[in-house]
Amino acid sequence: MSKAKPFSISKQLVWEAFKRVKANGGAAGVDKESIAEFEGDLKNNLYKLWNRMSSGSYFPPPVRMVEIPKDNGGIRPLGIPTVGDRIAQTVAKLYLEPEVEPQFHPDSYGYRPGKSALDAVGVARQRCWSHDWVLDLDIKGFFDNLDHKRMIQAVRKHTDCKWVLLYIERGLKVPVQLEDGTQLPRDKGTPQGGVVSPMLANLFLHYAFDEWMSNGFERIPFERYADDIVVHCFSEKQAKWIKAMIEQRLLQWGLELHPEKTKIVYCKDDNRQQSYSTEAFDFLGYTFRFRGSKNRQGVFFVIFTPALIIKAILR
C-alpha cells in the first residue's frame, strides 16, 4: 500500500509546464540533454519529475553559465537550467503567477501577460511631454545581487504553499557551473535565463521600488521593465532629490545604482530651450531625444520623442 505524497501537484500541471518549455525552445543545460532528447522518453521523464516534486525529493541541478556579448563590449552572464529543471520552474510559475500578477503595479511592464516593452515606451513618450526631466535609473548587477532572504519573504506574502516555497528557495541556492565544469556557489542573485527569474525579479522590485514609490511619491510617475526604470520629474531639483531617496531605498534592499549609468536627463524641445549636460537617454531599444518634426500645416518644430536605436533594428 503506497503512502500519499506530501505535496499535491497535479500531473496535468507538469504536462502543461512541459508544453510551455517545448514551445519556448532553448539550449541544453549541464546534462547536455536537449528538449528533443527529453521528449524521446517523455512519459517516463515527466513521471519521474512529478514523482520527485510531489515527494519533496526534487533538487535542481546546477545552472550552466554562458557569456553573451553585449553591445557595449561587456558580457552578460546567462544561466541555462536543464530541460527538466525548466519544467519544474514552470510548474512553480504556473502556480504562483496568478497569485502575484494582480498585485503588480500598472507601470511594471516586463515579462507580464498583456504588457510589452512597446507599451512602456509609449507611456514614457507621453510623460516626457508633460514632465521636463527624466531620471534614468540603472541598477548595478541587479539579477546577480537579489537578496535571497528578502526574496523568499516577498514570495511568502502571496502564498503559503510549502512546495512552491521549497522549490523556489532551492532554485535560488543552486550553484552555477562554468564551461570548464567548475561550480560556483550562490548566496544571492537569480540567474538570467531561469524560467522563474523574471517573475521573481518583478516581485522583488514590486516591494523594493514600485509599492514604495506608490505609497510615498505617488505624484512622481515611472515606467519599469524588469530592472530598466525611467522616472519623470518636473525639475532638476526634484530629480536630484528623488534620485537620492531611491538610492537610499535600494541600498536597504541590497541593491546599488550604477554611478555612471544612472543619469538625470533634460527633455529638450521647442518649449524647453535651456541647455543641459544630458539631453537624451536609451530605454528598451529606443533613444529618447529632441528631434525635428513637421505638423499637418508643414510647419517644422522640435519635439522630445523616441526612435529605434540602429543596433536594435539590426538585432
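Residues numbered from 1 in each chain as written. Predicted model: local features only at pLDDT ≥ 70, side-chain atom pairs only at ≥ 80, totals over all residues. Heavy atoms only, no water.

1. Some points on the nonpolar core
Counting 69 residues, the largest nonpolar core has Ile87, Trp163, Met213, Val231 and Ile246 as its most contacted members. What valine 231 contacts, discounting residues up to four positions off in sequence, is Trp133, Val134, Leu135, Leu137, Phe209, Met213, Ile220, Pro221, Phe222 and Ile246. By size, the runner-up hydrophobic cluster in this structure holds 16 residues, among which are Tyr109, Ala120, Ala124 and Cys267. (Core = buried A, V, L, I, M, F, W, Y, C linked by side-chain atoms within 4.5 Å. Buried < 20%, exposed > 50% of the residue type's maximum accessible area, 1.4 Å probe, protein only. Contact = heavy atoms within 4.5 Å.)

2. Quick word on the pairing of strand S7 (residues 228-233)
Judged by how many residues are buried, S7 sits mostly within the fold: 5 of 6 residues are covered. When strand S3 (residues 133-138) meets S7, the two strands line up antiparallel, connected through 6 bridges. Bridging from a neighbouring strand, aspartate 138 pairs with aspartate 228 of S7. The hairpin formed by strand S6 (residues 222-225) and S7 contains 2 residues between the paired strands, and alanine 226 there has a positive phi angle of roughly 55°. (Helix = DSSP H or I, 4+ residues; strand = E, 2+ residues; numbered from the N terminus. Pairing = 2+ DSSP bridges.)

3. What about the packing of aromatic side chains?
Within the structure shown, the criterion is met by 15 aromatic pairs. Centre to centre, the rings of phenylalanine 142 and phenylalanine 143 are 5.1 Å apart; their planes meet at 75°, and the pair counts as edge-to-face. The class for phenylalanine 142 is buried, based on a relative accessible area of 2%. With a centroid separation of 5.0 Å and an interplanar angle of 75°, the aromatic rings of phenylalanine 209 and phenylalanine 222 are classed as edge-to-face. With phenylalanine 209 in helix H8 (residues 197-216) and phenylalanine 222 in strand S6, this residue pair connects regions lying 13 residues apart in the sequence. An identical accessibility class is assigned to phenylalanine 209 and phenylalanine 222; each is buried. Here a set of aromatic residues connected by ring pairs shows up, and it is made of Trp15, Phe18 and Phe38. (Phe/Tyr/Trp six-rings, centres within 6.5 Å; stacked < 30°, edge-to-face > 60°.)

4. As for helix H6 (residues 148-156)
For H6, the full list of buried residues reads His148, Met151, Ile152, Ala154 and Val155. Along the long axis of H6, the arc covered by the buried residues comes to 155°, so they all point the same way. H6 presents Lys149 and Arg156 as exposed residues on the side facing more than 90 degrees away from its buried surface. Packing partners of the buried residues in H6 comprise helix H4 (83-100), helix H7 (162-173) and H8. For H6, the side-chain oxygen to backbone nitrogen distance between the N-cap and lysine 149 is 3.1 Å, and the N-cap itself is aspartate 147. (Arc of directions from axis to C-beta. Polar contact = N/O pair within 3.5 Å; in protein donor to acceptor, adjacent residues only side chain to side chain.)

5. Regarding the sheet that holds S7
Read from one edge to the other, the open sheet built from 4 strands follows the order S6-S7-S3-S8, with strand pairing classed as antiparallel. Edge positions in the sheet fall to S6 and strand S8 (263-266), since each has one partner strand and no second. Going across the sheet, the axis of each strand differs from the next one's by a mean of 20°, ignoring polarity. Together, S3, S6 and S7 form the strand contacts of helix H5 (residues 117-130), whose direction differs from that of S6 by roughly 160°. (Axes fitted to C-alpha atoms, helices over the stretch in contact; angles between N-to-C directions.)

6. Some remarks on the environment of glycine 110
Structurally, glycine 110 is set in the loop between H4 and H5. Linking glycine 110 and isoleucine 80, residues 30 residues apart in sequence, is a C-alpha distance of 20 Å. Not counting chain neighbours up to four residues away, the residues in contact with glycine 110 comprise Asn202, Arg224, Tyr225 and Ala226.

7. Comments concerning the pattern of salt bridges
Throughout the structure, instances matching the rule amount to 13 salt bridges. One salt bridge in this structure joins arginine 20 and glutamate 16, with 3.3 Å as the shortest N-O distance. With a gap of 4 residues between them, arginine 20 and glutamate 16 both fall in helix H1 (residues 11-24), about one helical turn apart. By relative accessible area, arginine 20 is classed as partly exposed at 39%. (Salt bridge = Lys/Arg side-chain N within 4 Å of Asp/Glu carboxyl O.)

8. Looking at the sheet that holds strand S2 (residues 75-80)
Strands in a sheet are paired, the pairing made by backbone hydrogen bonds, and the direction either parallel or antiparallel. Overall, mixed pairing links the 4 strands, which are arranged S2-S1-S4-S5 in an open sheet. Looking along the sheet, the strands with just one partner apiece sit at the ends: S2 and strand S5 (183-184). Here strand S1 (residues 63-69) pairs with strand S4 (residues 176-177) via 2 bridges, running parallel. Looking across to S4, one finds that valine 63 is bridged to valine 176.

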